[in-house]
Amino acid sequence: MCRWIAWSGAPKFLEELICAPEHSLIHQSRNAFFCKTQVNADGFGIAWYGNRQEPCIYKDVRPAWADSNLTQLAHHVSSPLFLAHIRASTGTSTNHDNCHPFSYRRWSFMHNGQVGGYENVRKKMDTMIPDHLYRHRKGATDSEALFLIALGYGLEQDPVGAMVRTVEEIEAMARAEGGLPHMRLSAAWSDGTRIFAARYASDEQAPSLYYRTFADGTLIVSEPLDEAAGCWVEVPSSTIVMVADGRVHQYPFQRQIAAE
């Protein structure tokens, strides 16, 4: 499994959340608490937004703790909205194109979880990606395919409905092939102004997801960055969270709900 964080609010230096907290993302790359894979060392990535609509992406296949460029970049780059991810592969190779976040135009996406029996449904998932988007299929992960399929279903116009439809159809495909668990998902996606995050599973073991509000913004995480009592809100399973205009909205994980 993987670990990730997403920030929306006043501009922050990346290091304030990636490096500095007692249980920072760097720390989680060596010692995660809330997932079955304690070490997340199969690469990392950051997507941050600045003066352009499209995010800047930095990725590497090294463990997050071993990249001095990451600490330098995090020390100097400030952003009002960014996504950061550390990877623990569920089967695909460790290479640059398989590292998260993924991006298309102004949208960025990262994921923790798995599609059950992915090796049996991978070709079918690839055929669900529209031709005009398939040239952006750089890696081999279920995560990247899920993102591109959702874009094909209209993620840019309906960020909630398109993602739910994608997850539902891929889960049905995994069920038909008998892969277990059929679907586990904790994901975040953003257009540079809003962050959407989802927690969902076909069984009772949905990947963990929390958020915390501060005076200057909102932080969504796979697991809390500290032990501050009563500050972290656990997102229920089968829920989508949207952070926009300084407010946190929660929706059921279903297609009928449209983001405001």
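The model shown is predicted, which means the values in this text are computed figures rather than measured ones.

When helices and strands are tallied, the protein shows seven helices and 13 strands. Referenced to the eigenvectors of the C-alpha coordinate spread, the extents of the protein come out at roughly 45 × 40 × 35 Å. Classification of the 260 residues of the protein by burial places 57% in the buried group. Once local pairs closer than 6 in sequence are excluded, the contacts in the protein between residues at least 24 apart make up 63%. As presented, the protein carries roughly 10,900 Å² of accessible surface, and 46% of it is formed by carbon and sulfur atoms. For the protein, the separation between the mean place of its 24 positive charges and that of its 29 negative charges on side chains is 4 Å.

So, on to the packing of helix 4 (residues 118-127) against helix 7 (residues 159-177). Two numbers describe how helix 4 lies on helix 7: the axes approach to 10 Å, and their chain directions differ by 140°. Judged by the angle between their axes, helix 4 and helix 7 are oblique. For the element pair helix 4 and helix 7, the recorded crossing hand is right-handed. Contacts between helix 4 and helix 7 involve N120, V121, K124 and M125 from the former and I170, M173, A174 and E177 from the latter. Per-class residue counts for the contact of helix 4 with helix 7 are five nonpolar, one polar and two charged.

With that out of the way, let us pick up helix 3 (residues 68-76). Taken residue by residue, helix 3 has L70, L73 and A74 as its buried positions. Buried residues of helix 3, viewed axially, fall in a sector of 100°; they line one side. For helix 3, the exposed residues lying more than 90 degrees away from the buried face are S68 and H76. At the N-terminal boundary of helix 3, the capping side chain belongs to D67, with an oxygen 2.7 Å from the backbone nitrogen of N69.

Between H100 and P101 the backbone carries a cis peptide bond, its omega angle lying at -5°. One can find P101 in the loop between strand 4 (78-86) and strand 5 (102-104). Here the phi dihedral of S238 falls at roughly 60°; this positive angle occurs in a residue that is not glycine. By the element assignment, S238 lies in the loop between strand 11 (233-234) and strand 12 (239-244). Look at S238 and you get partly exposed, because its relative accessible area is 34%.

With that settled, the discussion passes to the sheet that holds strand 7 (residues 183-190). Pairing in this open sheet of six strands is antiparallel, and the strands run 5-6-7-8-12-13 from one edge to the other. Both outer strands of the open sheet, strand 5 and strand 13 (247-252), are each paired with one neighbouring strand and no more. With direction set aside, neighbouring strand axes in the sheet form an average angle of 15°. Relative to strand 7, strand 6 (residues 107-115) is paired through eight bridges, and the arrangement is antiparallel. Residue pairing across strands places Q114 opposite R184, the latter belonging to strand 7. The strands touched by helix 7 within the sheet are strand 6, strand 7, strand 8 (195-201) and strand 12, with strand 7 carrying the most contacts at an inclination of about 155°.

This paragraph deals with the environment of T166. Locating T166 in the fold gives a position in helix 7. Beyond its immediate sequence surroundings of up to four residues, T166 is in contact with L146, I149, A150 and Y153.

This structure, assessed with the given rule, holds six aromatic pairs. Seen from their ring centres, W107 and F196 are 6.4 Å apart, and the 25° between their planes marks the pair as stacked. With W107 in strand 6 and F196 in strand 8, this residue pair connects regions lying 89 residues apart in the sequence. Across this residue pair, the class does not change: W107 and F196 are buried. Relative to F253, the ring of Y200 lies with its centre 4.7 Å away and its plane at 20°, an arrangement referred to as stacked. Highlighted residues: Y200 in strand 8 and F253 in the segment after strand 13, separated in sequence by 53 residues.

The next point concerns the state of the cysteines. A full pass over the atoms with the stated rule returns zero disulfides. With no disulfide of its own, C56 lies 15 Å from the sulfur of C99, the closest cysteine sulfur.

Attention now moves to the side chain of D191. Structurally, the position occupied by D191 is in the loop between strand 7 and strand 8. With a relative accessible area of 6%, D191 lands in the buried category. In this structure the side chain of D191 is engaged in a polar contact, spanning 2.9 Å, whose partner is the side chain of T193. Not counting residues up to four positions away in its chain, the partners in contact with D191 are Y49, R106 and W107.

Cut-off values and rules
- Counting restarts for each chain: residues are numbered from 1 in the order of the written sequence.
- Per-residue local features are limited, in this predicted model, to residues with pLDDT of at least 70; the limit for side-chain atom pairs, both in listing and counting, is 80 or more; totals at the level of whole chains, interfaces and linings are taken over all residues.
- Values reported for side chains reflect all heavy atoms of the structure, with hydrogen atoms and water molecules removed beforehand.
- Going along the chain from the N terminus, every DSSP run of H or I of four or more residues is numbered as a helix, and every run of E of two or more is numbered as a strand.
- Relative accessible area decides the class of each residue, using a 1.4 Å probe on protein chains only: under 20% of the type maximum gives buried, over 50% gives exposed, and in between gives partly exposed.
- Contacts: residue pairs with any heavy atoms within 4.5 Å of one another.
- Only the protein chains shown count as cover for residues, and all accessible areas are computed by the Shrake-Rupley method using a 1.4 Å probe.
- Only four residue types enter the tally: Lys and Arg on the positive side, Asp and Glu on the negative side; His and the chain ends are excluded.
- Taken as the charge location is NZ of Lys, CZ of Arg, CG of Asp or CD of Glu.
- Each axis is a line fitted through C-alpha atoms, taken for helices only over the stretch in contact, and angles between the N-to-C directions span 0 to 180 degrees.
- Roughly parallel refers to an angle under 35 degrees, roughly antiparallel to one over 145, roughly perpendicular to one between 65 and 115, and oblique to any angle outside these ranges.
- In this scheme the handedness of a crossing depends on how the near helix is turned from the far one: anticlockwise by less than a right angle means left-handed, clockwise means right-handed.
- Gly falls in the polar group here, along with every residue not listed as nonpolar (Ala, Val, Leu, Ile, Met, Phe, Trp, Tyr, Cys, Pro) or charged (Asp, Glu, Lys, Arg).
- Picture the helix axis, draw a direction to every C-beta atom, and the arc is the one those directions span.
- Polar contacts, as counted here, are pairs of nitrogen or oxygen atoms within 3.5 Å of one another; within protein the pair requires one atom able to donate a hydrogen and one able to accept it, and residues that are adjacent in sequence qualify only if both atoms are side-chain atoms.
- DSSP bridges decide pairing: two strands pair if at least two such bridges lie between them.
- Aromatic pairs are defined between Phe, Tyr and Trp rings, using the six-membered ring for Trp, whenever the two ring centres lie within 6.5 Å; interplanar angles under 30 degrees are classed as stacked, those over 60 as edge-to-face, and all others as tilted.
- Disulfide: a pair of cysteine sulfur atoms within 2.5 Å of each other.

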